[in-house]
Amino acid sequence: MGRMVLRVGRVRPRERCNRQRNRSRSGGGSGAPLISLDHVTVEFGRGKNRFRAVDDVSLTINKGSIYGIIGFSGVGKSTLVRTMNVLQRPTSGTVTFNGTTISALGEGRLLPLRRKIAMIFQHFNLMPSRTVLDNVTLPLIHEKVSRKDARAKAMHLLELVGIADKAKAYPRQLSGGQQQRVAIARALIGDPEVLLCDEATSALDPRTTRSILALLKDLNARLGLTIVLITHQMQVVKDICTDLAVMSHGKVVDDGSILDVFDHPSNELTREFIYTSGNMNKGITLVQEHPLFSKERESGSVYLLFSVGSGAEETLMADIRERFGVRGNIMFGNVDVIHGTPVGMILVSLDGPAEAVSKALAYFPTVGVSATPLADLHVNEVEENDNE
């Protein structure tokens, strides 16, 4: 691999502590809280067969945010998102939308509120016997909207999602990405404030996934649409989300703005997902297992260096060599840019006297870099990205 440079952000320790203290269970975005879950629990079954799918989850999604919820299959993500429009009633706890506790409402009063919380799925659920245009107008059939107005609005939305030329086509004539665009247009026909996306890109190839994510990001910016994105892929979250919650066994184990979660992961599962986002899991596994790196493994000299932010003129490797006489050999690395902020991960072997290496390790946190020994890195439990 080519020579890689990690430029270090001069983040003062006090500033990092303040950012950690300021993390809360509140999503980003420019507006006030739109959806709030307060100690929501969902249980299924009875007696010995009772199963807790969502376990005491509290979080807030602010207006205008793109909120990602990530976790493996079966951890309760889909059940959690269905509580947000009360398609799934909580066993306990409350769900509030725009100041109204909707989990306490009956079906009659829920119906108009649900129109403001649209939803799309992994499988597009289009009517095969209807044209694209008629699929988009379908939610307006029982509304007081003329057929002419409904079709005009649907055409506008098809233009917005980039497939107006497919208005007369049938779903079977469309690609997966085009069908998902139809599903998005149909979801927007009722002028929702929120779009819930349940694994909306999981059935798509990588190129199509990127195009759908770009569309969602554009809709968020143009319409002020709040988006909740359920996924098992950190790459999806990293590409568009402003905020992130990590789920495991029905619980939210980490949450905050995406940069704060990357900078201060408080759970091992979160760290493992972060490693997959830059393909660092592959590098870590290679160095942990390949005979070529046995000498470095046995010496205990390999560390994962992680930083969020940039701005220093000197590179980190040159810096520790000049200050402490420690040579840092880069073995594998990745630098991403998330919301305009560089996020760097590199595996390095630190070569030098033990005392000098200790000084270098103590120096890293003062410039906003964390150092984790190779032996403490765990990546085996994280699956490869299905779309990569």
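Residues numbered from 1 in each chain as written. Predicted model: local features only at pLDDT ≥ 70, side-chain atom pairs only at ≥ 80, totals over all residues. Heavy atoms only, no water.

Caption draft 1: Fine view of the overall build of the protein chain. Helix and strand content of the protein chain: 14 helices and 14 strands. A burial count over the protein chain gives 52% of its 388 residues as buried. Put simply, of all contacts in the protein chain between residues at least 6 apart along the chain, 72% involve residues at least 24 apart. With an accessible surface of roughly 18300 Å², the protein chain has 48% of that area assigned to carbon and sulfur atoms. (Helix = DSSP H or I, 4+ residues; strand = E, 2+ residues; numbered from the N terminus. Buried < 20%, exposed > 50% of the residue type's maximum accessible area, 1.4 Å probe, protein only. Contact = heavy atoms within 4.5 Å. Areas by Shrake-Rupley, 256 points an atom, 1.4 Å probe, with all protein chains shown as cover.)

Caption draft 2: Broad picture of the pattern of salt bridges. Counting across every chain of the model gives 16 salt bridges. A salt bridge links E43 to R52, with the shortest nitrogen-to-oxygen separation between them at 2.6 Å. Take R52: its relative accessible area is 40%, and that puts it in the partly exposed class. The structure contains a network of salt bridges with shared partners spanning E43, R50, R52, D55 and K251. (Salt bridge = Lys/Arg side-chain N within 4 Å of Asp/Glu carboxyl O.)

Caption draft 3: Structural view of the sheet that holds strand β5 (residues 100-101). A sheet is described by the order of its strands in space; here four strands give the open sequence β2-β1-β4-β5, paired in antiparallel fashion. Two strands lie at the open edges of the sheet, namely β2 (51-62) and β5, each paired on one side alone. Bridging between strand β4 (residues 92-97) and β5 involves two bridges; their strand directions are antiparallel. The residue of β5 that forms the bridge with T96 is T101. (Pairing = 2+ DSSP bridges.)

Caption draft 4: Looking closely at the state of the cysteines. According to the stated counting rule, one finds zero disulfides in the structure shown. Counting only cysteine sulfurs, C197 is the nearest neighbor of C241, a cysteine outside any disulfide, at a range of 9.3 Å. In this structure C241 comes out as buried when scored by relative accessible area, which is 0%. (Disulfide = S-S within 2.5 Å.)

Caption draft 5: Molecular detail of helix α13 (residues 316-324). Along α13, the positions that sit buried rather than exposed are L316, M317, D319 and I320. With its buried residues spanning 160° around the axis, α13 presents them on a single face. Those residues of α13 that are exposed and aimed more than 90 degrees away from the buried face are R321 and E322. Tucked inside the fold, the buried residues of α13 contact β11 (302-308), β12 (327-338), β13 (341-351), α14 (354-363) and β14 (369-373). (Arc of directions from axis to C-beta.)

Caption draft 6: Quick look at the pairing of β13. Judged by how many residues are buried, β13 sits mostly within the fold: eight of eleven residues are covered. Judged from the seven bridges that link them, β11 and β13 form a sheet pairing that is antiparallel. When the sheet's bridge partners are listed, Y303 is paired in β13 with V348.

Caption draft 7: Region of interest: the nonpolar core. I184, L195, L216 and L347 are the most contacted members of the largest nonpolar core, which totals 70 residues. Looking at which element gives the most residues to this core, the answer is helix α6 (residues 176-188), with six residues. Core analysis: the next-biggest nonpolar cluster, separate from the first, contains 30 residues, V40, I69, V81 and L105 among them. (Core = buried A, V, L, I, M, F, W, Y, C linked by side-chain atoms within 4.5 Å.)

Caption draft 8: Fine view of the side chain of S65. Looking at where S65 falls in the secondary structure, it is placed in the loop between β2 and β3 (66-70). Within the local environment of S65, its side chain forms a polar contact with the backbone oxygen of N62, the two atoms lying 2.7 Å apart. (Polar contact = N/O pair within 3.5 Å; in protein donor to acceptor, adjacent residues only side chain to side chain.)

Caption draft 9: Looking closely at the sheet that holds β11. The sheet built from four strands is open, its strands ordered β12-β13-β11-β14 with antiparallel pairing. Looking at which strands have only one partner, the edges of the open sheet turn out to be β12 and β14. With strand direction ignored, the average angle separating the axes of adjacent strands in the sheet is 20°. Sitting on the sheet, helix α10 (residues 268-277) touches β11, β12 and β13, and the angle it makes with β13 is about 95°. (Axes fitted to C-alpha atoms, helices over the stretch in contact; angles between N-to-C directions.)

Caption draft 10: Here's a closer look at unusual backbone geometry. Despite not being glycine, N98 shows a phi value in the positive range, around 55°. Structurally, N98 is set in the loop between β4 and β5. Positive phi outside glycine occurs at H249, with the angle close to 50°. Its location among the elements puts H249 in the loop between β9 (243-248) and β10 (251-257).

Caption draft 11: Summary view of the confidence of the model for the protein chain. Scored by pLDDT, the protein chain has a mean of 85; 88% of the residues are at 70 or more. In the predicted structure, residues 1-25 sits below a pLDDT of 50 and forms 67 contacts with residues beyond four places in sequence or in another chain. Counting interchain partners and residues more than four positions distant, the pLDDT-below-50 stretch residues 381-388 has 21 contacts. (pLDDT = per-residue confidence, 0-100.)

Caption draft 12: Layout of the packing of aromatic side chains. Applying the stated criterion across every chain yields a total of two aromatic pairs. When the ring of F72 is compared with that of F273, the centres are 5.1 Å apart and the planes differ by 40°; the resulting orientation is tilted. One end of the pair, F72, is in the loop between β3 and α2 (77-83); the other, F273, is in helix α10, with 201 residues separating them in the sequence. Given a relative accessible area of 1%, F273 falls into the buried group. (Phe/Tyr/Trp six-rings, centres within 6.5 Å; stacked < 30°, edge-to-face > 60°.)

Caption draft 13: Highlighting the packing of α13 against α14. Direction vectors running N to C along α13 and α14 enclose 130°, while the axes themselves pass 10 Å from each other. Relative to α14, the element α13 is oriented oblique. The crossing of α13 and α14 is right-handed. The residues of α14 that touch α13, namely those facing L316, D319, I320, R323 and F324, are A356, K359, A360 and Y363. Grouping the constituent residues of the contact of α13 with α14 by class yields six nonpolar, no polar and three charged. (Parallel < 35°, antiparallel > 145°, perpendicular 65-115°, else oblique. Left-handed = near helix turned anticlockwise from the far one by under 90°. Nonpolar A, V, L, I, M, F, W, Y, C, P; charged D, E, K, R; others polar.)

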